[in-house]
Amino acid sequence: MVSVLMPVYNGEEFVGKAIECILGQTYQNLELLIANDASTDGSAAILESFAAQDSRVVVIDNPVNLYIAGNRNMLMSRARGKYIAWADADDESVPTRLERQVAFLEANPDVAMCGGDLEIFGNTSANGQVRAYPRTDVEIRRKIFRYVPLAQPAAMVRTEAIRAVGEFDLSTPPAEDLDMLFRIGSRYRLGNVEGVVIRYRDHATSATYKRLRTIEKVSVRSRMRNFANPAYSAGVADRLYNVAHWLSIWVMPPKWKITLFNYLRNS
């Protein structure tokens, strides 16, 4: 079974479609655990309507905000599946996502976490573009000091592996995904399945746009902490890149940086 974990905060505009995409997967042996993170809009009613219609949907209402990392930790503690998959409340999983990722992990027992490619959509100049990710463990390790080479919105992980490395570090948001990836990769192999698994909604109200400078600062610090990690190999060019990235945080406007990133990473 796959435990799909979805934190929701004021997601009434998109969460219904996100849930439908999970329940409509070709792989049906799943539970969908949703954290309503003290939403103040109509999210609660939408979530409860799905729970009333499908017993696989379980909604947990938070009296206060736990934010993404706190919600993931809380939901992980309730997960019953062999695998855990993340699902964001504003993205859309393609119908075969879970089936392909389960098949990949079953065929590669030494791999603990896998992702896949993203198709960008929404109110953005990158609409329709595909963001591809490296496939093999070797390639992922080679890229990890430049960008996140396994997309968090598309990730599936073995439950036993994530419980072995521990919960998300609450001191690392909003880049807790990179810290977790480094920790899992320190003990297990990583991979990405072929093709698009997520339609990734790129919009101006997303956390990436609103908190880019904070994301960048935490990400660069996380990479630098792992320069000496024996599970990875940070070369001179990687180290210089991160110094340049740190300096760019203070001189390049976030909107310009997102445009440049999309140009370099998307096809």
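Residues numbered from 1 in each chain as written. Predicted model: local features only at pLDDT ≥ 70, side-chain atom pairs only at ≥ 80, totals over all residues. Heavy atoms only, no water.

## Focus: the packing of aromatic side chains
Right, on to step 1. As enumerated under the stated definition, the model contains 6 aromatic pairs in all.
Right, on to step 2. With centroids separated by 5.6 Å and ring planes inclined at 50°, the aromatic side chains of F145 and F182 adopt a geometry described as tilted. With F145 in the loop between helix 5 (137-143) and strand 8 (156-158) and F182 in helix 7 (residues 176-185), the pair connects residues that are 37 residues apart, well separated along the chain. Here F145 matches F182 in class, with each residue buried.
Right, on to step 3. Consider the rings of W246 and W250, whose centres lie 5.9 Å apart with planes at 75°: the pair is edge-to-face. (Phe/Tyr/Trp six-rings, centres within 6.5 Å; stacked < 30°, edge-to-face > 60°. Helix = DSSP H or I, 4+ residues; strand = E, 2+ residues; numbered from the N terminus. Buried < 20%, exposed > 50% of the residue type's maximum accessible area, 1.4 Å probe, protein only.)

## A closer look at the nonpolar core
Right, on to step 1. Within the largest apolar cluster, 37 residues are counted, with the highest numbers of intra-cluster contacts made by V2, M6, I19, L32 and M156.
Right, on to step 2. Of all the elements, helix 1 (residues 15-23) adds the most residues to this core, at 5 residues.
Right, on to step 3. Setting aside anything within four residues of it in sequence, one finds M156 in contact with V2, Y83, I84, A85, L98, Q101, V102, L105, A112, M113 and C114.
Right, on to step 4. I60, A69, I184 and L190 belong to the second largest nonpolar core, which has 32 residues in total. (Core = buried A, V, L, I, M, F, W, Y, C linked by side-chain atoms within 4.5 Å. Contact = heavy atoms within 4.5 Å.)

## Looking at unusual backbone geometry
Right, on to step 1. The linkage connecting P173 with the following residue, P174, adopts the cis geometry, with an omega of 5°.
Right, on to step 2. Along the chain, the position of P174 falls in the loop between helix 6 (159-165) and helix 7.
Right, on to step 3. Notably, A38 is not glycine yet its phi reads approximately 55°, a positive angle.
Right, on to step 4. For A38, the position within the fold is in the loop between strand 2 (30-36) and helix 2 (43-53).
Right, on to step 5. For Y67, which is not glycine, the phi torsion reads 65° and is therefore positive.

## A few points about the pairing of strand 6 (residues 111-121)
Right, on to step 1. Among the 11 residues in strand 6, 10 count as buried, and that is most of the element.
Right, on to step 2. Bridging between strand 6 and strand 9 (residues 189-201) involves 9 bridges; their strand directions are parallel. Bridging across to strand 9, V111 finds its partner in R189.
Right, on to step 3. One ladder, built from 2 bridges, connects strand 6 with strand 8; its direction is antiparallel. Bridging across to strand 8, M113 finds its partner in V157.
Right, on to step 4. Note that strand 6 and strand 7 (residues 130-131) share 2 bridges and pair antiparallel. Bridging from a neighbouring strand, E119 pairs with V130 of strand 7. (Pairing = 2+ DSSP bridges.)

By themselves, these observations are geometric and do not establish any function.
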